Every structure is written in structure tokens, then in C-alpha cells.
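What follows is each chain in one-letter form.
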Amino acid sequence: MSDDRYIPKLHRLQMLLGHYPILGDVMRERMRAEMFRRGVLNKQHFEAEVREKAQQSQRREGITNPYIEESSELWERRLSKIRDSLTEFYWAYNMSPQLFEEVAHDVLHERPTAEQVLSFNPEMASMEVLFQQMESFAALPPQELALVHHHMQETKVVLIKALISDELGFVRVAKEYLTFDDLKWIRDHRAGRGKIGGKAAGLVLAWKILQASLDRFCETCEQIQIVIPETYFVGADVSYDFMELNGLTTYLNQKYKPLDQIEREYPVLQDGYARGRFPESTLDDFRGLLEAMRGQPLIVRSSSLLEDNFDVSFAGMYESVFCPNQGTPEENLEELCNAIRRVYASIYNPHVLLYRKQHNVLDYDERMAVLIQVVQGSRYRDMYFPPVAGVAYSRNPFVWSPKLRREEGFARLVVGLGTRAVERVGEDYPRMVALSHPTLRPEAGAREVKYYSQYYADVIDLKENKLVTRPVSEVLAADYPGLRLLASQYKDDFIGPLVAMTAGLDSRSLVITLDGLLKQTALATHLRNVLKALEVSYNRPVDIEFTTEIGSEYPRPNVVIHLLQCRPYAGEQDTEQIRLPVRLPEADIIFGTEKLVPTGRVENITNIVYVDPEQYGLASPSQKLELGRLMGRLNQRLEGQAFIMMGPGRWGSSSPDLGLKVGYADFYNTRALVEISWGQGHNRPALSYGTHFFQDLVEARIYPLAIFPGDPGNPFNHKFFETAVNALPALLPKDAAFADFVKVIDVPATTGGRVLELVMSGDEARAVAFLTRPRNA
């Protein structure tokens, strides 16, 4: 039964402790501990009641979608208030007034501990001293630990800045999730001195965020299993030690040289790095690391100080190198060292230095840390690869159906290593998945589904000890575990599920659809919840790279997600509602499309760089390579003007036969890259959404657009492009010989003072480029 005599005493103590807010927290913590110790309360049941009442309070306040309407910080504050209220309630009804006074007396007499101060400045202390201080804090009993919370927080922040990243956006989030044990784990998995860099920082933080908050987004769904690979770090200072030991410090000012000089000197620089040696102490660290990884395949990934931060991502700019790790110990060591040398040399890649200049981070100290991870996968015959890998975005950049919801995300999935999901590769198509409706494809009909499917897989050949690309028909056979989840069978112009899994199955009839995976497992739901949890904590959209592990359970296999990377969205978000103009004169429409359209508008376009698809198809291999370089020269020549680039097939393709082989330095000034479907076979545009190439476009505010002249809803004004005067010889006289392949159209000069305007509406799934009068700037 209740005793009202207890309530006034609680009120009096609350008034007393109101002068010392931190002591109130300690008092309630002590009260809870005493009730748990005496068996008055069960800790697990108590916390469940706290959570239930917190959810009830949300509903009373009209919060119907708490994962979007309330941040994790507000949720934790809500839990804290209800936990304190329930503590006082249960104490008043169950504990004696005498015990209450004893606890209050003890807490109040511990007040001098709250006035402790550090005997040193954490910002000036060594990392060893900081870790020793954190060890002493961790040894304190709970009531004393609360009294030095402010000192712990300061020390933790200094360690985060020294060990991981000093980017304030990162520190703001990381200090709420990383614990002392996490920082010790990083220290114990690091070789050499210095920070672990941006990519490693993003991975560690994302992992901790998901551990702390993922359950909030999964109350009604299956349990998510998400892990990170076995991971080690090479501190960023080792890259400077390597430079000094090998006489490479002369390249520190490379970023301030003219671009043409940077490009000329880069091969020499790469050779210098390839011949460099590491200090013996560093080699000992590498030997220990390789021993710990027990002969498993590795990937060596860049983790520069600027990479994957809140303002710029450097997506795909630096090297990542696979190490099969199947040789002798000394061979494996040399393979690892070569991989790290390649990563170090990529700091000075001309595309990287230009990217840094364009994003105003050229002057930043760009030391390079390295992230070393065990490749996630399993052995099948003599190959090693994961069943499925991919990249996923928390916001879907395009829609192909009004049913799709942008805010629920998007993924690109491939069988095998994830390289084919994040890079634009020739003659291949990943599976595009809108996570709101994972089985709703952009393709229609069996032939189109087969056409836009994956033909090749990247795997590690364990016997040959190297990374290889193999046709899917040579990678997968009837005995591959879970084949039904990955592939369908194409027969008689029909694609259907695999039924007879016999040794006589013709692997050439397999089509990688991933239909079974998306229908029979919770992968899409898991990805959607993971992305939402990370987006809420980062307070901005994110993307992740991952692999999967598929269980053998029936009828619904479990899926484990192996998180490899997390990157906050570094571009500006389009919030403008775009509506296409109506009743445009047909003669004013230059081109348009109704397929996979982004959202945006480009006004006052004065120049079009147009690579003629038919002429490009007739060019020799050497001419096609030179045409890619010509794009770079035009990009520089037209700097400061509003222009777009249009060309056949795939911009950024690794194969010039499939489209212009260009990099960031060749297009960073353009406002849009338009890919034109041409010819037969694999010459149709392959969407870049979700690739590193796409990330470059997003950050540079360049719109990607694919058009399909001749298809319904894809108008194309052939006459305009055929009759317009070519300004290329006047702009670049030395390149006049390429006038048959490339036409630079001065739009005002061609149209009597009008300009081109490109309007793209993702909501309407339509885009149109039309002639109009110039708008005021």
C-alpha cells in the first residue's frame, strides 16, 4: 500500500538537489541500484516499462511516425525523464523513509568528488596519458563516475580527434555513440601512428549507431543481423614516414602545380612509390596483421583524412586493392606492401588533386590512412566471393513508377565482389532496387530484363592468387548454395524461377535477377531500416557499401549484412518542386526522355558539346581514346559558360567501345551529362546511379540523364544537331580534325539569341530540353 509520508520527503530532496543537478542524477541512479539489489525491481522489466511508457507519451503527443518525427536525441531524453519519474514512484511506494535519508546523506557527502579537476590539459596530453586517464575513470563506481562525466566527455572528444577525425560534424555525432572500449579497440587494431582516416571513421561510427539505435526502427520486422568485417588500420602518419624514408617529400607540393605538369609527373611519382620501402617496425606490424588474418583474402582501402566526410566524399577517387593472400608469408607481405604503396601514390592522382581544388580543400593536410579488411565471402570451387554485394542510398535519386517512395532508399546489387556495383564497368548491369517496392523493376518484359542483367562477376581466384572477372555462367553452377535466390532461367522468351537444379543445368540460360533474394528474404526491409537509422543519427542522407551472407533456412533464409562503408551525403539536396512546361511548340523541343529522370533545372545553356553517335561508332580505338581527352580540353575551354555534354552510350565507361572514357577532370564544368542510346547490343546507356561516378556528378551539381531517341516519350530533334554550325574549329583549332565526330553548338548563334533550358521532374518521370529566351541571372 502507498504511504503519503514518503512523497513529501522525495519533494524535499528534489528541492535540495535542484541546486546541484548532477547530484540528482546520481541520487536516482543510487536509488535504482538499491531497489535492483534488494529485488524490489527487476532491471529488465523496469527498462521495458520505461520504454512502453515512453511510447505511450509519444502517442499522447500526436507523434504517429516517431522514427521520422522525433530524433534519437529527443527519444533518449524522453526515456531519461520517464526512467527518473518511475524511480521516484517505486521508491516512494516500496522503500522506507530511513533508507531514503541514508542514501541522500551518502550522496550529498560525496559532493567534493564532483569538484575534481584534471591535473593536465587533455588537448596537450599524449595519447598514452589520455588512455590512462580514461582507465582510471572507468574504474570508478557508478555514483562517482557520474560526477566526473564532464571530464570523461572532454577526454573522449580529444581522443576521437587524435585517433579518428577532427572534423566537427563527425565529432558531434561520434561523441554520443563511441565508448572508451571502442577507442581502445581502434588503438589495438592500428599499426603505426596517426588518425585512422575518414573511411574507417565512417565505418566505426555507423556500426556503433546501428548497435545503439537500430532496434528503434525494427520493432515490427525480423531481427537484423549486421556485422563488420575483421578490420585493421594503418595510421595516417605512416604515409609521411614512408615519404621521408624514400625521399618522396618533394611531391608534397604537387597539388600546387599546373594540371598538365601534374599529369606528366604522375607516372614518375607512381614508380617512386612502387619502389619505396617501409620501416622495419612497420613491417613487423604488417606481419602480425597478416598472421591474425590467417590466410583470408584481404582488401586494402584508402582512408584519407578528408574521405567520406560531411562536405566532400572523394567517392572512388583513391585506390582500393584486393590481396588474395594465398602465397607464402613473405609473398603475402610483399603483396600487402605493394597494395599500400598504390594507395599512397593515389593521393597525387591528377583527378584527385583537381577534385580537391574544385571543392576548396586543396590546402588541407591530406595524409593517407589505410583500412585493411578481410574480404567477406566464401569459397566455391577455386573462387572466393560473396553471394551478393552492393551499395545502398537512404534516398532514391529517381523513380520509374509513382508507387515508389524516394525516402525509403535505393540499392544496386551484384553477384560477387561489390566492385561491379560501385564502378561503371563495360557490358554489365547491376540489379536496380527501389527499397520501397523491391520487386518493381524499371525494365518491362523478359527480353529487357535479360538485357539489363549482370553478365560478369568479379571473384578472387584462389588457385591463381589474383582478382579475376569471369562470365556468370562460369562462376555459378547448379550446386552453388542458394542459386535459386540469385538467378532465374531464360527459356522460350520467358524468365522463370529455377525448378530443376540438376547437374545438367545449362548455366548459359541463367539470368541474374535476384528475384528470389528480394521475395524470399528480408534483405530489402533490412537495408531500408539500416539506412533510416543512419540517416536519422547523421541528420542527413547516407549511403553504405555492404556484402551479404545468406543462410540455408527454409522457407525464409536469414540474411546477414556485412557493413563495409558508410558515407554521409555530401551534395546539396534538391527541394524545389519541378513541373515541366506545358504546350511547348514541337519545333522548340531539342530532346527529352521519360526514363529514370532526376529532379532539377539547368537554365541559360549557351553551348552543347555533342558527340555524334554514328560517327563515334566508326572511330578507331585510338580515336575513341583521343575523343575522351578532347572532352577534357573542351571542359577547360568552356569554363565559366553554361554548357552540357551529350554523347553515345556510357560516359565514364572503362571501355571506349561502350562510350567516352572520361574522368572527373574531363567534365567537372558541365551542367549535365546526357547519354544517348545508339546502335545495338550493349551500347544503350547504363545508368550511373549509385556508382562512384554518380557521386562525382552529385557533388559537382551535374545532372546525369539518359535519352533513347526513337523510343516513345523520347523526342530528339535530329535536324537541329545536323544543321547547326560547328564551333569546335574556332574554339580549339588544333582539334579541328575531330569536327566530324564532335560538334560544339553555340545555341544563341544558331537560334537567333535563344538559349537551351533543361527541365527534369523526377516526380513526373519526364525531362525536356527546349529553346527559350534567356532568363535573368
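Higher on the page you've got the structure.
Residues numbered from 1 in each chain as written. Predicted model: local features only at pLDDT ≥ 70, side-chain atom pairs only at ≥ 80, totals over all residues. Heavy atoms only, no water.

## Quick notes on the pairing of strand β11 (residues 431–434)
Consecutive side chains along a regular strand alternate between the two faces of the sheet. Covered by surrounding structure in β11 are Arg-431 and Val-433 together with Met-432 and Ala-434, the residues of both alternating faces. Of the strand pairs in this sheet, strand β10 (residues 410–414) and β11 are connected by four bridges, and their pairing is antiparallel. When the bridges of β11 are listed, Ala-411 appears paired with Val-433. (Buried < 20%, exposed > 50% of the residue type's maximum accessible area, 1.4 Å probe, protein only. Helix = DSSP H or I, 4+ residues; strand = E, 2+ residues; numbered from the N terminus. Pairing = 2+ DSSP bridges.)

## Section: the sheet that holds strand β13 (residues 466–471)
Spatially, β7-β8-β12-β13 is the arrangement adopted by the four strands of the open sheet, whose pairing is antiparallel. Of all the strands in the sheet, the pair left with one neighbour each is β7 (378–380) and β13. Taking the axes of each pair of neighbouring strands and ignoring which way they run, one obtains an average angle of 45° across the sheet. In terms of strand pairing, strand β8 (residues 383–385) meets strand β12 (residues 456–461) through two bridges, oriented antiparallel. (Axes fitted to C-alpha atoms, helices over the stretch in contact; angles between N-to-C directions.)

## Digging into the environment of Glu-407
Relative to the assigned elements, Glu-407 resides in the loop between β9 (388–393) and β10. Counting along the chain gives 121 residues from Glu-407 to Arg-528, while the straight-line C-alpha distance between them is 9.4 Å. Apart from residues lying up to four places away in sequence, Glu-407 is in contact with Ser-394, Arg-395 and Lys-532. (Contact = heavy atoms within 4.5 Å.)

## Focus on the packing of helix α8 (residues 127–138) against helix α12 (residues 180–188)
Where α8 contacts α12, the axes come no closer than 11 Å and their chain directions differ by 145°. By crossing handedness, the relation of α8 to α12 is classed as left-handed. Contact residues: Phe-131, Met-134, Glu-135 and Ala-138 in α8; Phe-180, Leu-183, Lys-184 and Arg-187 in α12. Across the contact of α8 with α12, the residue classes tally to five nonpolar, no polar and three charged. (Left-handed = near helix turned anticlockwise from the far one by under 90°. Nonpolar A, V, L, I, M, F, W, Y, C, P; charged D, E, K, R; others polar.)

## Topic: the pattern of salt bridges
What the rule picks out here adds up to 53 salt bridges. In this structure, Arg-367 and Asp-237 form a salt bridge, with 2.9 Å as the shortest nitrogen-oxygen distance. Residue Arg-367 is found in the loop between α18 (350–358) and β6 (368–374), and its partner Asp-237 is found in helix α14 (residues 237–245); the two are separated by 130 residues along the sequence. Judged by its relative accessible area of 17%, Asp-237 falls in the buried class. A salt bridge links Glu-764 to Arg-766, with the nearest nitrogen and oxygen atoms 3.8 Å apart. Salt bridges sharing partners connect three or more residues here, namely Arg-28, Glu-29, Arg-32, Asp-84 and Glu-88. (Salt bridge = Lys/Arg side-chain N within 4 Å of Asp/Glu carboxyl O.)

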